[in-house]
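Residue strings, one per chain:
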Amino acid sequence: MGTLKLPVDRLNYECLKIEVALNYSYTDVKIVTVPTSSEEKLPRLELDESTLDDSTAIARYVGGENIFGEEGSVHSAEIYEWIFTSDGVLNPNITTWVSPYLGLVMYNKQIENEAVKQVDGVMMKLNKHLLHQTFLTADHVTMADITVAAALYPAYKVVMDAKYRKKYGNVTRWYMTVTNQCQFAKQLPVAHTDESAYCQTAPKFNKKEFDQMKEKLQAARNSAAVEEKAASGDQKPAAAGKEKPAAVAAGKEGAPPKSEAKKKKEEAKKKVKLEKMEKLAAKKKMQEKKDADTKKKPKVEKVKKVVEVAIYTKNTPAGDKKDITDPLPAGYSPQYTEAAWYEWWSKQGFFTPEFGKTKEEVEKSKKFVMCLPPPNVTGSLHLGHALTNTVQDVLARWHRMMGEATLWIPGTDHAGIATQVVVEKKLRKQENLSRHDIGREKFVEKVWEWKKEKGDRICSQLRKLGSSLDWDREFFTMDDKLSHAVKKSFIQLRKEGIIFRANRLINWSVALNSAISDIEVNKKELDGRTMLPVPGYDKPVEFGVIHSFHYELCDGSGKVTVATTRIETMLGDTGVAVHPQDKRFTHLHGKFVRHPFCERKIAIVCDDMVEMDFGTGCVKITPAHDANDYDVGKRHNLEFISIFDENGLVCNTQTQFDGMKRFDARTAVLDQLKQLNLYDECKDNKMVVPLCSRTKDIVEPMVKVQWFLTCDDVAKQSKDVVKSGELEIVPQAFQKTWYHWMDNIRDWCISRQLWWGHRIPAYFVTVDDPSVPAGERTDEKYWVCGMDAEEAMLEAVENFKVDRSKITLEQDEDVLDTWYSSGLLPFSIFGWPNESSDLSNYFPGALLETGHDILFFWIARMVFFSLLLTKKLPFKTVYLHAMVRDAHGRKMSKSLGNVIDPLDVISGITLEDLHKTLYLGNLEAKEIEKAKLGQTADYPNGIPECGSDALRFALFAYTCQGRDINLDVNRILGYRHFCNKLWNAFKFSTKQLAFGSEYKPQQQFQLSGKETEVDLWILHKLTKAVELSHAALENYQFPDYTTAVYNFWLYEFCDIYLECIKPLFTADSGDNDVTTTSKHVLYHCLDVALRLTQPLMPFICEELWQRLPRRPNDVTPSVCVSKWPYTNNERAWTNDAVDAEMELVRNVVKTTRSLRADYNLTRTKADLYIKCSDDVTAEVLTRHRLTIKTLSYSSQVLIHDKPPQGCAVAIVNNKCDVNLMLKGIVNFEKEIEKMETNIKRQEKKLADLKKAVNKSEYKQKVPKEVQVADEEKMKQLGEELVKMAATKQDFASML
């Protein structure tokens, strides 16, 4: 264990880097705080063999690959690139920038300007990089994020005000995300849950304040030094009754006596120290008196202003249109905005494909059809479902606005195993009964009751999210219509020989007493020996080890050593395999070994599956309990012995182990092998343990008679349709996964030993006739199928040619795999196999959108069934979104407490209520406590109310193709603030529309020729936003859509256009034609932008759009059924020339604002002179003078060849520079005096340092690293003096 030494003041860049890195790891280090007076270089990590004093090296040691990436990888190189940028550029320049405002270093304008310029360069790079990224180099926090955020921390606290942060919005969003991770937040004194913890107003340097801060800092340092000395024991008297040892009293033993001169020098030092301490004590006493006087004064409590949240209070009947006669509330409120709209949308039928269309029009229309991936009926939606839902809803709303007959069908899945487990636990908890105690019929009734009780919650969540689903077509996978399709498909596929009954290897869950599908098996990776809890066992069971033992050859010529991770399965061994080319075992070919616990002879076989260089090179074969061994057993005709029954008890071995539980047998077999001297050794072993996702039981591979669906032929067809392009998979990267699965397909076990689900429509036949021999249940010919028992009886009579009175039918007890009925959904929801208008109109569908984790389990099966039963593909495109993880990159898990209900994000929830949600499920008490800790760490203040629109926007913005999503609730809150910005922009705009006479929109927007340049520019930007959005949705590049919408509203419409048109809407604005024209442009922007945004944020867009006046003859009832703004008229306003001009204008404004900031002209207007080197630039800027004046906060803008004296200058480009008149605003004489004082101070520092360096003993006595630091310091002081002189010269030229 290493020792990490840190200074007392640990809130600095280097310590922050290290301690946050440490919080992301499990490295065991001892942290020691070292006094400030220590001469050790800090921070410092002392290890047994070495010492590290570089902060990045220390962070690398404590953080590891988790945050640094794999050594030598491209990812790791990217991380180090950001670290170097932070260490070399960001941190030193931010330190320079903030130091004067903390009382550390005297203010120097030129030095600060240079530092800010360097920081701006990095911030621009970051802002661009983070446009579509959650973190800098990966989908989780890495050392790149930690280092850059640590460097930015003092800047966000001290100098980067709201205006500056807004300029770099992507960086601010990322910074909030990183610093709100619990690992980072715990190192900060104040939580950064919102921007209130940041700098609110850019500081102005004040010499008086600086001196006061400097004095306080010095006092604090002196006080700390005194305390450290006292703590170290320097000032403690000798213990009473004890004399000091001579060596202590006289110095080191054997040291020469001190000279008189040295003694006097030491006495003088002590005297100075004593005087300082006395002064400090007096000062402290005065401060205490002052504090006491202050306490006597009555404290005036500040009254905190409480902002009331607007709510909708009108008594609107459900389904009626919302009353919008009242003005909009002062600020955006999700509760107010989202009230009443959904019920009205649904009642009006806006979400049906038939809305606004005749039957003939529906048939002829282009169709867009999707089926909602059905969530489990007894569950509730989490944020992963919310992502699926948001992506699908945005696409559905977009296609609906495009005029297509759009159908999005909701439904829920009966979820066989999941539901049965939930209801069984409830039955046990409430009535202390098992399902067997009440019987199948009663148990199924209990499940239906549970479904009725809990099934509506999901529908409620979907409505709250704004999902535009056609509820008239809602389905449940156990509905009569779908059950009919399930039976029909089974019967048809069995007749075709595609469904068959066989004795095969399957996944068996002992706890469930059922076969389970691959998707219900979680693969837990172990690095070595691990004790895991197993249902039905009092103590944990050992996994992650490999045991070696011997089999003796039957001929007595030796032994064979084999290794296994499941020693108990040796009871079922019927073979030992060696590689045919392994020369070590050529002598064993054709021989046998003897089983030590029974008379079984075990054949030694040659098989290519054996890896010669793994283990002993000899592999034990248990064909009935291992997938690979099963194949070997088939190839070599080995015996298949099932050694476990359905309850996990040992059987069929004819040994003393029969009747034991499987993992009890594991221990007993080990003991017996040791007694027989056949046991060799045990080693740690990396392995994967298959766990049942529902019960956490260890899944047991077992050979059982089940129903299977043969997949070879249909898998080949499914591969071919993707290769040919008939079925498109987006992103294309998943095509390889598709091909791999199809090439390695196995027959699908479709039966489950459950009571809840679609009971298999197959019947076992018993014939009471001597001419018909008794059948075995493994025999296919003794099984018949039918929609009911009568239909099955007819088949039995036909097959066995006997009277029906001699036939007894017994329906199979098993049910079908849940994925079976889900795989039929694309056509079963429309009534297949019966013909219907819905089936002919809406099948096949257009798109299947879901998470990539069920590509094979659900999507492949839908393709299989559609090809087998309808000879058509179920849809044209499959779009696979990424998986949603929490902000730390962890998978959503109830036991971690990170499974969040979307409604809790929409409405907000306290931490206490968040804890209460854990008790609503079936978590054990231990898991609940663990989950509470997770919730407390991630949401210490609960989850703030964000609203549905903000949640949708955030989820959609995160959705980059192929990437997992680390969802941070703080980012969702950021989009709520965006909603507020949009809200206020609309309020301001409608106020301008009402300016003068009542505004009446044009029939169709068109240019009048009186538009200003900024009018033409905003129309161009609106057109570009529409085009970008359309292309993004068409190509599934969803972040491009959110970026286009966000940038238009925030940076183009609000920040520029609305600011520029403000002067037009004043009492003395002059030209009424120009005002009217701008009103038309403003209205057009609002109308188009709201329609453009509606698929993303339907509630706020409806609320605002309903308050816009309608164009003549426009009777569109809702924005959600309005036209998508991609018509020729709405795309006719592209104007690249105006855009280029405005880009120049924006650069002029940006440079001017920067110049104003340099001289702290926050609220003071100044004349702006623009010097142009060519007539074209001058002409352009002359036309845009009003825009420049407004946006740069200038008193007037003048285009000059030669600006007057007294101006500060900044270059815009090679053809233009701006000159800000400072004469009369800034006192240059005073500034020159200040600068001269600073220059003298710096010159003295430099002279003193040079004097010390030039001493003869300097090179010999001063450590090398101090010499290097001094050299660097002299260089820095020299550069600062040059800059100071230049600044003084600038001031002098302005006099």
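Among the surface-exposed residues, K214, R1241, K1245 and K1273 lie close enough to one another that they form a single positively charged patch. Following the sequence through the fold, K1273 ends up in helix α45 (residues 1264–1293).

Bringing the environment of I31 into the picture now. Tracing the backbone shows I31 in strand β2 (residues 29–34). Along the primary structure I31 and G2 are separated by 29 residues, whereas in three dimensions their C-alpha atoms are 8.7 Å apart.

Another aspect to go through is the pattern of salt bridges. Side-chain pairing between opposite charges can occur once the charged atoms of the two side chains come close. Summed over all chains, the structure comprises 58 salt bridges. Between K446 and E431 there is a salt bridge, with its nearest N and O atoms 2.8 Å apart. Of the two residues, K446 is situated in helix α19 (residues 440–454) and E431 in helix α17 (residues 416–431); the sequence distance between them amounts to 15 residues. Since its relative accessible area comes to 38%, E431 is described here as partly exposed. When the shortest N-O distance is used, the salt bridge between E1141 and R1183 registers 2.7 Å. Taken together, the residues E1141 in helix α40 (residues 1136–1158) and R1183 in helix α41 (residues 1175–1183) connect sequence positions 42 residues apart. For R1183, a relative accessible area of 34% translates into the label partly exposed. Each of E354, D470, R473 and D838 takes part in a single network of salt bridges with overlapping partners.

Right, let's talk about the confidence of the model for the protein for a bit. Per-residue pLDDT for the protein has a mean of 86; in total, 89% of the residues score no lower than 70. Ranking the elements of the protein by mean pLDDT puts helix α11 (residues 246–249) last, at 32, and helix α39 (residues 1098–1105) first, at 97. The model gives residues 232–256 a pLDDT under 50, and that stretch makes nine contacts with residues more than four places away or in other chains. Taken together, the stretch residues 294–306 has pLDDT below 50 and engages in zero contacts with residues farther than four places along the chain or on a different chain.

This part covers the side chain of Q187. The topology assignment puts Q187 in the loop between α9 (182–185) and α10 (207–232). Reaching out from Q187, the side chain makes a polar contact with the side chain of E19 at a distance of 3.5 Å. At a separation of 3.0 Å, a polar atom in the side chain of Q187 contacts the side chain of N23. The residues contacting Q187, other than those within four sequence positions of it, are L11, L16, E19, V20 and N23.

What counts, and where the lines are drawn
- Numbers given for residues are sequential positions, taken from 1 along each chain in its written order.
- Local features in a predicted model are, by the rule used here, given only for residues with pLDDT of at least 70; side-chain atom pairs are given and counted only at 80 or more, and totals for whole chains, interfaces and linings are based on all residues.
- Excluded from the side-chain calculations are hydrogens and water; all other atoms, namely the structure's heavy atoms, are used.
- Put simply, a patch holds well-exposed residues, over 30% relative accessible area, that have no salt bridge, with like charges counted together within 9 Å and Val, Leu, Ile, Met, Phe, Trp or Tyr side chains within 5 Å.
- For every accessible area listed, the method is Shrake-Rupley and the probe measures 1.4 Å; residues are considered covered only by the protein chains on display.
- Any Lys or Arg side-chain nitrogen found within 4 Å of a carboxyl oxygen on Asp or Glu counts as a salt bridge.
- Note on charges: Lys and Arg go in the positive column, Asp and Glu in the negative column, and His and the chain ends are not counted at all.
- Lys charges are placed at NZ, Arg charges at CZ, Asp charges at CG and Glu charges at CD.
- For helices the rule is a DSSP run of H or I covering at least 4 residues; for strands it is a run of E covering at least 2, with both sets numbered from the N terminus onward.
- The cut-offs for exposure are 20% and 50% of the maximum accessible area for each residue type, with area from a 1.4 Å probe on protein chains only; residues under the lower value are buried, those over the upper are exposed, and the others partly exposed.
- Scored from 0 to 100, pLDDT reflects the predictor's confidence in each residue.
- Contacts between residues were defined by any pair of non-hydrogen atoms, one from each residue, lying within 4.5 Å.
- N or O atoms closer than or at 3.5 Å make up a polar contact, with two conditions inside protein: a donor-capable atom paired with an acceptor-capable one, and, for residues adjacent in sequence, both atoms drawn from side chains.

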